[in-house]
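Each chain, letter by letter, is given below.
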Amino acid sequence: MLEQIEKINSLDELQALYTATFGKNGTMTARLRDMKNLDADARAALNAENATLRDAFKTRQAALENAALMAQLSAESVDVTLDPMPAARGTLHPMTRSLAEISTILHSFGYTRMTGPEIEDDWHNFTALNTPDYHPARDMQDTFFLENGNIMRTQTSAIQIRAMEAHGAPIKIFGIGPTYRREMDATHSPMFGQIEGLHVDKNVTMRDLIGDVRAFLMRFFEIDDVQLRIRPSYFPFTEPSIEIDMKWHGDKWLEIMGAGMVHPNVLRHCGIDPDVYQGYAFGFGWDRLAMLKYGLDDIRKFYDGDVRWLKNNGN
Ligand code: PHE
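Conventions adopted
- Residues numbered from 1 in each chain as written.
- Predicted model: local features only at pLDDT ≥ 70, side-chain atom pairs only at ≥ 80, totals over all residues.
- Heavy atoms only, no water.
- Helix = DSSP H or I, 4+ residues; strand = E, 2+ residues; numbered from the N terminus.
- Rg over C-alpha atoms; globule rule 2.2 N^0.38 Å.
- Buried < 20%, exposed > 50% of the residue type's maximum accessible area, 1.4 Å probe, protein only.
- Contact = heavy atoms within 4.5 Å.
- Areas by Shrake-Rupley, 256 points an atom, 1.4 Å probe, with all protein chains shown as cover.
- Lys, Arg positive; Asp, Glu negative; His and termini not counted.
- Charge placed at Lys NZ, Arg CZ, Asp CG, Glu CD.
- Phe/Tyr/Trp six-rings, centres within 6.5 Å; stacked < 30°, edge-to-face > 60°.
- Lys NZ or Arg CZ within 6 Å of the ring centre and 35° of its normal.
- Near = heavy atom within 4 Å.
- Polar contact = N/O pair within 3.5 Å; in protein donor to acceptor, adjacent residues only side chain to side chain.
- Nonpolar A, V, L, I, M, F, W, Y, C, P; charged D, E, K, R; others polar.
- Pairing = 2+ DSSP bridges.
- Axes fitted to C-alpha atoms, helices over the stretch in contact; angles between N-to-C directions.

## Regarding the overall build of the chain
Part 1 of the argument: Each helix and strand counted, the chain has 11 helices and 9 strands in total.
Part 2 of the argument: Computed over C-alpha atoms, the radius of gyration of the chain comes to 40 Å, more than 25% over the 20 Å expected from 2.2 N^0.38 for 315 residues, which places it beyond the range of a compact globule.
Part 3 of the argument: Principal-axis analysis of the C-alpha atoms places the extent of the chain at approximately 120 × 45 × 40 Å.
Part 4 of the argument: When the 315 residues of the chain are sorted by exposure, 42% land in the buried category.
Part 5 of the argument: A separation threshold of at least 6 residues defines the contact pool for the chain, and within that pool the share at least 24 residues apart is 63%.
Part 6 of the argument: Accessible surface for the chain amounts to roughly 17900 Å². Of this, 53% is attributable to carbon and sulfur atoms.
Part 7 of the argument: For the chain, the separation between the mean place of its 33 positive charges and that of its 44 negative charges on side chains is 3 Å.

Laid out in structure tokens, this is it:
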């Protein structure tokens, strides 16, 4: 029997022989049942035979199981000498990258980041910004209106109001985020990114504004000098108001941002006394700045989510 066990090559066959030997009607089971008729020596011999057989079954079973495992492992093995597939690497969206760059620069100038909701109320987006509902300047921005009377914020200037309402003066903050207007062409997207800066204190002047803007542009575009052109302009919430252009590649003037000294009415609306405090605000298109920096020509591509475009423009 021991030899027979040794020769068995399948677990099923081994199981069958085991049952025939040790099962309810097995040969060994029957012999053990009759053991009481044997003398002491024969009993000892039978016990020994029983133990040897059981061991033999166990050993053979382990060997067959091991062989099966080895066969499975070698069938499923991986050829580690093959060249790997190229891993797809993600890149940061140019908007995300420029957001991080702009935030880092403004933080280093002492501005704290503030946020505000993209669905705004009339007060924060217009009225508190010295733009009451009869004001013609409301037509400067094609507003998306919601049915409940709220709007999609048209400018991050709404964040100025929220910041001053919450913290009063002195204050030095920036807000950055999506803004919405009904317009669409290669340089306008209905959703676009704006940055707003606000600095209110007792002795803040236009010079501080222009100094920070200059330093900011040099850092952002990684250039040693920048030529600015300051033009008078109009915004309801600043007085005086200016627009700042930047000389680009030595020949073109590009309009970069709107800015000005915060209008006394705006300070008053936020509970700040304009006879004690004054400040400046500036606002610019964050996606436009990213387009200039990364040499991109169509603002809508930022928001299409085309992975091929993003792969080529994320770095
Ligand atoms: N909110 C203005 C715009 O969207 C920009 C601006 C911000 C101008 C702050 C002056 C001061 O056009």
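## Digging into the packing of aromatic side chains
Part 1 of the argument: The tally for this structure, following the rule as stated, stands at 13 aromatic pairs.
Part 2 of the argument: Judged by centre distance (5.0 Å) and plane angle (90 degrees), the rings of Y18 and F57 are edge-to-face. Separated by 39 residues along the polypeptide, Y18 in helix α2 (residues 11-22) and F57 in helix α4 (residues 40-75) bring together distant segments of the chain.
Part 3 of the argument: Accessibility expressed as a relative area gives 31% for Y18, which makes it partly exposed.
Part 4 of the argument: Arranged with centres 5.8 Å apart and planes meeting at 25 degrees, the rings of F235 and F237 form a pair that is stacked. Neither residue differs from the other here; F235 and F237 are each classed as buried.
Part 5 of the argument: Of note, K293 hangs over the ring of F220, and the distance from its end group to the ring centre comes to 4.6 Å.

## Thoughts on the site of the ligand
Part 1 of the argument: Around the ligand there are 14 residues in total, and Q155, S157, R181, Q194 and E196 lie nearest to it.
Part 2 of the argument: One of the side-chain nitrogen or oxygen atoms of Q155 is found 2.8 Å away from a nitrogen atom of the ligand.
Part 3 of the argument: Here an oxygen atom of the ligand sits 2.8 Å away from a polar atom, N or O, in the side chain of R181.
Part 4 of the argument: Relative to its unbound accessible surface of 320 Å², the ligand loses 91% to contact with the protein.
Part 5 of the argument: Going through the elements one at a time, β5 (191-201), β8 (252-262) and β9 (278-285) are the ones with two or more residues in the shell around the ligand.
Part 6 of the argument: If you tally residues by element for the shell around the ligand, the top one is β9, at 3 residues.
Part 7 of the argument: Looking at the shell around the ligand residue by residue, the class counts come to 5 nonpolar, 7 polar and 2 charged.

## Notes on the sheet that holds β5
Part 1 of the argument: Pairing is mixed across the open sheet formed by 7 strands, whose spatial order is β1-β4-β5-β9-β8-β7-β6. The strands lining the two open edges of the sheet, one partner per strand, are β1 (112-114) and β6 (228-235). Within this sheet the neighbouring strands show an average axis-to-axis angle of 25 degrees, counted without direction.
Part 2 of the argument: Two strands pair when backbone bridges link them, and β8 and β9 are joined in this way by 5 bridges, in the antiparallel orientation. Among the inter-strand pairings, G258 is bridged to a residue of β9, identified as G283.
Part 3 of the argument: Most of the contacts of helix α5 (residues 94-108) go to strand β4 (residues 171-180), to which it runs at about 165 degrees, and overall it touches β1, β4 and β5.
Part 4 of the argument: Here helix α10 (residues 286-294) sits on the sheet in contact with β4, β5, β7 (238-248), β8 and β9, set at roughly 60 degrees to β9.

So yeah, pure geometry; function would need other evidence.
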